[in-house]
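A look at the structure
Here is how the chains run, residue by residue.
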2 protein chains.
Amino acid sequence: MDTNIKCLFNPKSIAVVGASRTPGKIGYEILSNILGYGYGGKVYPVNPNATEILGLRCYPSVSAIKEEVDMVIISVPAKLVPEAIEDAGNAGAKVAVVISSGFKEVGNKDLEDEVVMRARKYGMRILGPNIFGIVYTPTRLNASFGPRNVIPGGIAFITQSGALGIALMGMTIVERIGVSSIISVGNKSDIDDADLLEYLAEDPHTKVILIYLEGVNDGRRFIKVASEVITKKPIVVVKAGRTEVGAKAVASHTGSLAGNVVVYSVAFKQSGILPAHNVEEAFDWSRAFSCLPLPKNQNLVVVTNGGGAGVLITDTLAEYGINLPSPPKSLMDDIRKLVPPFASLANPIDVTGMISNEGYVNALLKTLENPEVGAVLGAYCQTAVTDPTIIAGLLISRIREMGGLNKPLVLAFIGGEETYMAIRRLNDFGIPTYPMPERAAATMAALYNYVKIREGVITRISKLSKKP
Amino acid sequence: MDTNIKCLFNPKSIAVVGASRTPGKIGYEILSNILGYGYGGKVYPVNPNATEILGLRCYPSVSAIKEEVDMVIISVPAKLVPEAIEDAGNAGAKVAVVISSGFKEVGNKDLEDEVVMRARKYGMRILGPNIFGIVYTPTRLNASFGPRNVIPGGIAFITQSGALGIALMGMTIVERIGVSSIISVGNKSDIDDADLLEYLAEDPHTKVILIYLEGVNDGRRFIKVASEVITKKPIVVVKAGRTEVGAKAVASHTGSLAGNVVVYSVAFKQSGILPAHNVEEAFDWSRAFSCLPLPKNQNLVVVTNGGGAGVLITDTLAEYGINLPSPPKSLMDDIRKLVPPFASLANPIDVTGMISNEGYVNALLKTLENPEVGAVLGAYCQTAVTDPTIIAGLLISRIREMGGLNKPLVLAFIGGEETYMAIRRLNDFGIPTYPMPERAAATMAALYNYVKIREGVITRISKLSKKP
């Protein structure tokens, strides 16, 4: 792995070329985010027409800084980028984050090639061009012109799309989705998904990697790296251009090739990538991977106070390839004492809509504590006899007393305003909770499918390595 | 159609048998909802142990009221229900809404049969038992123990599940989904989906019917009625027990048969029912059907400021059977004047992330106003150069000036907190807006698929009627 890539996440110092004094301008917003989000290293604005920006001394060039500069962020018109790269390379920068657009995506491939060539001369790596920046929450680095107050967490989000990526960055804040990193890769002139996967696989703050992908330059390497990474952590991909017409739309959008639809699908399967059907699902799954342990065994038990929710969950699990086993007998003996006599003691366990707050929480926790159970999916429907605020509070304090979760717990909380507040609270605490039964079920299925896939990949790799 | 069914939606007077003075009790909550939501007819609490409840004179029995009683709501222990039915029938009630549980769902089929038999004697119809009630917003009737402030709108929601149904009732309020009716059908001892479909087909306040369905008693009649109704308005069904294991879960849940999985799927297809993959999708689609006209022609045009969102929309449309045509030339001539030179003038039209608030709104409205365009799907990604509050405001005022929509406009607004507020505002105004591109795309596909299906069904019916 190229050690310069490390400077993308852990730069000791940053120069912002094209820093601006005008709020609203990209060169202002990025500098302001770097300072405002709490980055601890040195920051140098570079702009020949200013002496001070946001209280920092401003330099006419990177070379003029005369201190070590790890990362250079470049936000100047496209035609000035080669010169800025030359300046940064001269000054010994390890990595350049090229925000500027106006390259391959509008047909200027030659200009992009020149930028890469000049960087290579200095051994400097390039992220971009045509990107909104990079965020890495462990070092409080928000070198982007997106929203500032990104929530720290375990998801590394790599996006090939700019506008969509920056919009989803805002979405993660509203939906309380914590990220380790957000990386806008844009035209991928140099640093690509495979480079980032290699780095993120070793990053202790990253539990899962989520990629919005239109196409890759070097498919063979991507697949090779991905299949190694998934032995360590899951990779969830939303593939844009997964239909023939979608692939054409990619071509018309960026000029890049989305590639053969079938080839991608087969390659994903072989490498063990989890293909999400859509963006919502990708973040739903990643949220769970980022904060939960993996299932301990095949005994997935569903606990619900709404029979209908239990049926929809059973259907969805089956559609994602997961069938519910009979619940362990030891568990049924415990549950019987907690529920009305007409409760259904199959799997899903239907504790009925008559159950109280305490009854529901007790049933859920008994299931969680049963040593034969491998994972728990709880579905709660807001009824007249329960209160989602109380249930969320009880759950959180009881799980805190237990010292946290040692097996996955995924929840669906369905209901009105108080339920939505409970969802937010549970997510903040680290129990992935969704407003729809099917979303919780698909997420639990992803956890099980990852375990299955990983075992398959590990077996395949060990067989390959045994070959003479 | 049985005219007594009309009394379920338009009762002139209601007696609440088992009315209670104790908040939290079902017999209190229902009475309180009826009074609090603004029902205009007469209301009679019935309870032999009280003289006044919630300021109303209380009666020992329905017969003791000595005034015409259209609807009787029964919330007493199961074993007392036959007697209550007898009393209501005697008093000339047209329909009994039996809230009480403890019948077929727990194995007491005989008791349920007795209830039905007694009602039949008087020609009285029964909704339930084992339900949470009925809501019909045009008459301000909320005879349920669910949340009170249901939002009036065009969706009739029929639910076979109690706890899930009541929870989703709360969800509609948070998500600003307007309903004409919410009907808990429970055990369907008498009034079933087909009866309700017949009524709702003629109800001018209902634009779309959404059913959460586990199983039907008389499949042949359901399919016959459904295929007639869908020539008038769409029916969206979430089928619980659509997989073999899900069907088994239904059996264990209610004792009712979910039926053969393949048979349902074929029957839905034949009758023109739109099968939603999950609850979220069912409400997404129904929201659009409830407030939009149908597509005018095959020219669906997508306008986006985020190329990635455009690609995901193209993929999703294709997955739902809808391919995007080339955009009309007259439209391209107009759009070219509004967008940066590197904008993509294919379909999706990518106005680029550089576009301003006005630029985006103008492009969207030009598309909407083009006479060759049949429907518009707009995707907006929150960028640093745009403001979702301003865009929503501009859109609403411009569409109001146009006198409303004469073709469908479905939106995806992706972004942070302000975007979520814009989504709420747009939905309140009547433009269905979703936080994810794929959800907007699947919804637009449902509009087109309904048109296609309806034409097919109408053709088939007219062919059948021509047979000698």
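Keep in mind that this is a model prediction, so the values were computed, not measured. (Residues numbered from 1 in each chain as written. Chains lettered and ligands numbered in written order. Predicted model: local features only at pLDDT ≥ 70, side-chain atom pairs only at ≥ 80, totals over all residues. Heavy atoms only, no water.)

With that settled, consider the overall build of chain A. From N to C terminus, chain A includes 16 helices and 20 strands. Taking 23 Å as the expected radius of gyration for a compact globule of 468 residues, we find that chain A reaches 25 Å, a close match to that expectation. Based on the C-alpha atoms only, the size of chain A along its principal axes is roughly 80 × 55 × 40 Å. For chain A, the residues scored as buried account for 63% of the 468 residues in total. Residue pairs at least 24 apart in sequence account for 76% of intrachain contacts in chain A once pairs closer than 6 positions are excluded. Total accessible area on chain A is roughly 17,100 Å²; 53% of this is exposed by carbon and sulfur atoms. (Helix = DSSP H or I, 4+ residues; strand = E, 2+ residues; numbered from the N terminus. Rg over C-alpha atoms; globule rule 2.2 N^0.38 Å. Buried < 20%, exposed > 50% of the residue type's maximum accessible area, 1.4 Å probe, protein only. Contact = heavy atoms within 4.5 Å. Areas by Shrake-Rupley, 256 points an atom, 1.4 Å probe, with all protein chains shown as cover.)

Our next topic: the pattern of salt bridges. Opposite charge on two side chains makes pairing possible when the charged atoms of those side chains draw close. Residues and elements named next belong to chain A. In total, this model carries 48 salt bridges over all chains according to the counting rule given. Among the salt bridges present, the one from Asp284 reaches Arg439, with a minimum N-O distance of 2.8 Å. Of this pair, Asp284 sits in helix H10 (residues 279–291) while Arg439 sits in helix H16 (residues 437–466), and the two are 155 residues apart along the sequence. Accessibility classification places Asp284 together with Arg439 in one group, the buried group. Here the salt bridges do not stand alone but share partners, grouping Arg120, Arg125, Asp190, Asp192, Asp195, Glu198 and Arg221 into one network. (Salt bridge = Lys/Arg side-chain N within 4 Å of Asp/Glu carboxyl O.)

This paragraph deals with the interface of chain B and chain A. Often, the extent of an interface is quoted as the loss of accessible area upon association of its parts. Listed as interface residues are 60 residues of chain B and, on the opposing side, 60 residues of chain A. Summed over both partners, the interface of chain B with chain A comes to about 4,400 Å²; 68% of that surface belongs to carbon and sulfur atoms. When the buried surface of chain B facing chain A is broken down by residue, Val311, Asp315 and Met436 of chain B rank first, second and third, together holding 11% of it. Applying the counting criterion to the chain B and chain A interface returns six salt bridges. Going through the elements one at a time, helix H5 (162–174), strand E13 (235–239), helix H8 (244–254), helix H10 (279–291), helix H11 (307–319), helix H15 (417–429) and helix H16 (437–466) of chain B are the ones with two or more residues in the side of chain B that touches chain A. By residue number, the principal contributor to the side of chain B that touches chain A is H11 of chain B, which donates ten residues. Residue classes in the side of chain B that touches chain A are distributed as 28 nonpolar, 21 polar and eleven charged. (Buried area = accessible area lost by both parts, 1.4 Å probe. Nonpolar A, V, L, I, M, F, W, Y, C, P; charged D, E, K, R; others polar.)

Now for the environment of Ser61 of chain B. Residues and elements named next belong to chain B. Mapping Ser61 onto the fold places it in the loop between strand E4 (56–57) and strand E5 (71–74). Residues Ser61 and Ile183, 122 residues apart in the sequence, show an inter-C-alpha distance of 26 Å. Here the side chain of Ser61 touches Ala64 through a polar contact of 3.1 Å, landing on its backbone nitrogen. (Polar contact = N/O pair within 3.5 Å; in protein donor to acceptor, adjacent residues only side chain to side chain.)

A separate point is the relation of the copies chain B and chain A. Placing chain B over chain A gives an RMSD of 0.0 Å and needs a rotation angle of 180°, together with 0.0 Å of translation along the axis. Both copies are brought into coincidence by an operation consistent with a two-fold rotation axis. Using C-alpha coordinates, one finds that chain B approaches the rotation axis most closely at Glu280 of chain B, a distance of 5.8 Å. Both copies present the same face, since 100% of the interface residues in chain B are matched by interface residues at the equivalent positions in chain A. (Least-squares fit on C-alpha atoms with pLDDT ≥ 70 in both.)

The next point concerns the packing of aromatic side chains. Residues and elements named next belong to chain B. Enumeration according to the criterion identifies 18 aromatic pairs over all chains in this entry. Considering the side-chain rings of Phe9 and Tyr136, the 5.2 Å spacing of their centres and the 75° angle between planes classify their relative orientation as edge-to-face. Residue Phe9 is located in helix H1 (residues 6–9), and its partner Tyr136 is located in strand E8 (residues 133–136); the two are separated by 127 residues in the primary sequence. Pair check on accessibility: Phe9 and Tyr136 agree, each one buried. Note on Tyr380 and Phe413: the rings are 4.8 Å apart at their centroids and 50° apart in plane angle, and the pair reads as tilted. On the criterion of sequence distance, the pair formed by Tyr380 in strand E18 (residues 375–381) and Phe413 in strand E19 (residues 409–414) is long-range, its members being 33 residues apart. Of the residues examined, Tyr380 reaches a relative accessible area of 0% and is grouped as buried. Look at Phe413 and you get buried, because its relative accessible area is 0%. (Phe/Tyr/Trp six-rings, centres within 6.5 Å; stacked < 30°, edge-to-face > 60°.)

What follows covers unusual backbone geometry. A cis geometry characterises the amide bond from Gly128 of chain B onward to Pro129 of chain B, with omega recorded as 0°. Omega for the bond connecting Asn347 of chain B with Pro348 of chain B falls within 30 degrees of zero, at 5°, which places this linkage in the cis form. On the secondary structure map, Pro348 of chain B appears in the loop between strand E16 (344–345) and strand E17 (349–350). Even without a glycine there, the phi angle at Leu54 of chain A is positive, about 50°. By secondary structure assignment, the location of Leu54 of chain A is in the loop between strand E3 (52–53) and strand E4 (56–57). Under the relative-accessibility criterion, Leu54 of chain A is labelled partly exposed at 40%. The phi dihedral of Lys66 of chain A is positive, around 60°, even though this residue is not glycine. Summarising the element assignment, Lys66 of chain A is placed in the loop between E4 and strand E5 (71–74).

This brings us to H10 of chain A. Residues and elements named next belong to chain A. Compared with an ideal rise of 1.5 Å per residue, which puts 13 residues at 18 Å, H10 spans 19 Å between its outermost C-alpha atoms and is within 8% of the ideal. Counting buried positions along H10 gives twelve out of 13 residues, so the element sits mostly inside the fold. For H10, the set of buried residues is Val279, Glu280, Glu281, Ala282, Phe283, Asp284, Trp285, Ser286, Arg287, Ala288, Phe289 and Ser290. At the N-terminal boundary of H10, the capping side chain belongs to Asn278, with an oxygen 3.4 Å from the backbone nitrogen of Glu280. (Expected span 1.5 Å × (residues − 1).)

Moving on: the sheet that holds strand E8 (residues 133–136) of chain A. All names here are of chain A. As summarised here, the arrangement of the seven strands in space is E9-E8-E11-E10-E12-E13-E14, forming an open sheet in which the pairing is mixed. For this open sheet the edge positions go to strand E9 (141–144) and strand E14 (274–275), each flanked by a neighbour on one side alone. Strand direction decides the pairing type here: strand E13 (residues 235–239) and E14, joined by two bridges, are parallel. What sits directly across from Val236, in E14, is Leu274. (Pairing = 2+ DSSP bridges.)

On to the pairing of strand E11 (residues 179–184) of chain B. Residue and element names in this part refer to chain B. Taken across its six residues, E11 has six buried, putting it largely inside the fold. Here E8 pairs with E11 via three bridges, running antiparallel. Each bridged residue has a counterpart across the sheet, and for Ile134 the counterpart in E11 is Ile183. Strand direction decides the pairing type here: strand E10 (residues 152–159) and E11, joined by six bridges, are parallel. Its bridge partner lying in E11, Pro152 is registered against Val179.

Under the domain assignment used here, chain A contains domain 1 (1–130), domain 2 (150–291) and domain 3 (295–451). Of note, the centres of domain 1 of chain A and domain 3 of chain A, computed from C-alpha atoms alone, are 49 Å apart. (Domains from an automatic or database assignment.)

Right, let's get into the sheet that holds strand E15 (residues 300–304) of chain A. All names here are of chain A. Ordered by their spatial adjacency, six strands build an open sheet running E16-E17-E15-E18-E19-E20, and the pairing between neighbours is mixed. If you trace the sheet from one side to the other, it starts and ends with strand E16 (344–345) and strand E20 (433–434), each paired once. Pairing analysis gives two bridges linking strand E19 (residues 409–414) to E20, with the strands arranged parallel. Counterpart to Ala412 in the pairing with E20 is Tyr434. Helix H14 (residues 388–401) rests against strand E18 (375–381) and E19 of the sheet, and its axis sits at about 170° to E19. (Axes fitted to C-alpha atoms, helices over the stretch in contact; angles between N-to-C directions.)

With that settled, consider the pairing of E13 of chain A. All names here are of chain A. Counting buried positions along E13 gives five out of five residues, so the element sits mostly inside the fold. Where strand E12 (residues 208–213) lies against E13, five bridges are found, and the strand directions are parallel. Counterpart to Leu213 in the pairing with E13 is Lys239.

On the surface, Val106 of chain A together with Phe342 and Met354 of chain B cluster together to form a nonpolar patch covering roughly 290 Å² of accessible area. Considering the arrangement of structural elements, one finds Phe342 of chain B in the loop between helix H12 (329–336) and E16. Judged by relative accessible area, which is 44%, Phe342 of chain B ranks as partly exposed. (Patch = residues over 30% accessible without salt bridge, like charges linked within 9 Å, V, L, I, M, F, W, Y side chains within 5 Å.)

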